[in-house]
Amino acid sequence: MSQSPRKVACPGCGKLTPWSTDNPWRPFCSERCKLIDLGHWATERYRVEGDTPTEDDDGSH
Ligand SMILES: [Zn+2]
């Protein structure tokens, strides 16, 4: 039986990385790319939340 681990493109850098249990960061190629991607998510969410006008700012009670 030939071992041919499935490869996926790392969402962080696009590098082909084997999808295996040996890689705890899958589908990322490394911890670094995973953290970067999570950071992007957090940033995006933060920006979206900050972009929406808060009704508290209206001042009218
Ligand atoms: Zn990567």
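Along every chain, residues carry numbers that run from 1 in the direction the sequence is written. Owing to the predicted nature of the model, reporting of local features is limited to residues with pLDDT of at least 70; listing and counting of side-chain atom pairs is limited to 80 or more, with chain, interface and lining totals taken over all residues. Only hydrogens and water are set aside when side-chain values are computed; all heavy atoms of the structure are taken into account.

**Some thoughts on unusual backbone geometry**
Working note: non-glycine residues mostly have negative phi, and peptide bonds are mostly trans. The line we're drawing: Under the DSSP-based scheme used, a helix requires at least four consecutive residues in state H or I and a strand at least two consecutive residues in state E, with every element numbered from the N terminus.
Cis geometry is adopted by the peptide bond preceding P27, which originates at R26 and carries an omega value of 5°. Tracing the sequence through the fold places P27 in the loop between β2 (16-18) and α1 (31-51).

**Observations concerning the environment of V8**
To be explicit about the condition: By the convention used here, residues are in contact when the closest approach between their heavy atoms is within 4.5 Å.
Here V8 is to be found in strand β1 (residues 7-9). Through-space distance from the C-alpha of V8 to that of R26 is 8.5 Å; in sequence the pair is 18 residues apart. For V8, the residues in contact, after removing those within four places along its chain, are K15, L16, T17, W19 and P27.

**As for the coordination of the zinc ion**
Basically, it comes down to this: In this analysis a donor is any N, O or S atom within 2.8 Å of a metal ion (3.2 Å for sodium, potassium and calcium), and since water is not included, sites may seem incomplete. In short, tetrahedral needs four donors with all angles between 85 and 135 degrees, square planar needs four and octahedral six donors with opposite donors over 155 degrees apart and all other angles between 65 and 115, and whatever is left is irregular.
Those protein atoms acting as donors to the zinc ion are C10 (SG), C13 (SG), C29 (SG) and C33 (SG), and they sit at 2.3 to 2.4 Å. What the 4 donor atoms of the zinc ion show is an angle range of 106 to 115° at the metal, which sorts the shape as tetrahedral. Taken in sequence order, the residues that donate to the zinc ion follow the motif C-x2-C-x15-C-x3-C. Of this pair, C13 sits in the loop between β1 and β2 while C33 sits in helix α1; the two residues are 20 residues apart in sequence, bridging distant segments of the chain.

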